Amino acid sequence: MIEASKRKDETPRRTRVARRTQAERREETSGRAIDAAIKCLYRDGYSATTTLSVAAEAGISRGALLHHFPTKVDLIEAVALEVVRRSQKRRRDFITAHPRGLPRFAAITEASWETLQEPAAMTLLEILMASRGDAELAARLPGIMGVMSEWQQSGMREIAHDVGFHDDERLNAMSMLHQAAMRGLSIELLFAEDRRTIDAAFELLRWYKELFTKDLIARRNAGATPGDVDHE
């Protein structure tokens, strides 16, 4: 009797698993669909990426996918927004790992190039190129790209102002030039037989950034008054 009671006490108790809310389940399914779409777009390209192939990659039914994203364009729009969010976080983490001042200002170019080579960013390039032949997609992208551009430029200006660079017009022009150049190099990466040519082109871009920075320093110092703090 005592032995039976002991065995009963030793029976492991079941741990209650907290049930996820509907919102949590919805968010998980949506996230899986977006991650799967990024993989499909990077691997197969825009034309070959369908709601059916994305559902299969995500391990969900096509009906579940369409419940969250009724059309392919709805899905692609969500992918673009998520890619922008992730890329911005990666850039911010890369840049803030450097000391404030000129090292952080110089790191902006490196951060942009590193993130533009990642599969998620290459997916965004695929979407941009595909929008030329998809009127509905083309109508939705400008807002997303505008958000990305504003995030990049506002972050760059904040770092530049911290160093004492306040010529926002030239800073914005530099940012636009660098982003356009690096997007072009990212596309070249897809076809280049020898990566060294791409690396050499980026080194030239970095050299230009150094010259541009020296010019900004000269302009800043020319307008400085005695007692100004040098942020270098």
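Details of the structure are given in the entry above.
Criteria and thresholds
Residues numbered from 1 in each chain as written. Predicted model: local features only at pLDDT ≥ 70, side-chain atom pairs only at ≥ 80, totals over all residues. Heavy atoms only, no water. Buried < 20%, exposed > 50% of the residue type's maximum accessible area, 1.4 Å probe, protein only. Helix = DSSP H or I, 4+ residues; strand = E, 2+ residues; numbered from the N terminus. Arc of directions from axis to C-beta. Contact = heavy atoms within 4.5 Å. Salt bridge = Lys/Arg side-chain N within 4 Å of Asp/Glu carboxyl O. Phe/Tyr/Trp six-rings, centres within 6.5 Å; stacked < 30°, edge-to-face > 60°. Lys NZ or Arg CZ within 6 Å of the ring centre and 35° of its normal.

### Re helix H3 (residues 51-58)
Link 1 in the chain: Within H3, the full set of buried residues consists of Thr51, Val54, Ala55 and Ala58. Down the axis of H3, the smallest arc covering the buried residues is 100°, so these residues share one side. Away from its buried face by more than 90 degrees, H3 exposes Leu52 and Ala56.
Link 2 in the chain: Phi turns positive, to about 75°, at Gly59, one or two residues after H3.

### Structural notes on the side chain of Thr29
Link 1 in the chain: Note on placement: Thr29 falls in helix H2 (residues 22-44).
Link 2 in the chain: For Thr29, the contacting residues outside a window of four places in its chain are Ile60 and His68.

### Things to note about the pattern of salt bridges
Link 1 in the chain: Summed over all chains, the structure comprises 18 salt bridges.
Link 2 in the chain: One salt bridge in this structure joins Asp35 and Arg86, with 2.5 Å as the shortest N-O distance. Remark: Arg86 occurs in helix H5 (residues 72-96) and Asp35 occurs in helix H2; sequence separation between them is 51 residues.
Link 3 in the chain: Accessibility expressed as a relative area gives 34% for Asp35, which makes it partly exposed.
Link 4 in the chain: We classify Arg86 as partly exposed; its relative accessible area is 30%.
Link 5 in the chain: Its salt-bridge partner being Arg140, residue Glu77 comes within 2.8 Å of it at the nearest N-O pair. Of the two residues, Glu77 is situated in helix H5 and Arg140 in helix H8 (residues 135-163); the sequence distance between them amounts to 63 residues.
Link 6 in the chain: Assessed through its relative accessible area of 23%, Arg140 is described here as partly exposed.
Link 7 in the chain: One connected set of salt bridges, linked through shared partners, spans Asp35, Glu82, Arg85 and Arg86.

### Examining the packing of aromatic side chains
Link 1 in the chain: Inspection of the entire model under this criterion finds three aromatic pairs.
Link 2 in the chain: Taking the centre distance of 5.3 Å and the plane angle of 15° together, the rings of Trp113 and Phe202 count as stacked. Of this pair, Trp113 sits in helix H6 (residues 102-116) while Phe202 sits in helix H10 (residues 195-222); the two residues are 89 residues apart in sequence, bridging distant segments of the chain. Summarising the burial analysis for this pair, Trp113 and Phe202 share the class buried.
Link 3 in the chain: The lysine or arginine in question, Lys72, covers the ring of Tyr46, its NZ or CZ lying 3.9 Å from the ring centre.
Link 4 in the chain: Just above the ring of Phe105 sits the side chain of Lys209; from NZ or CZ to the centre is 4.7 Å.

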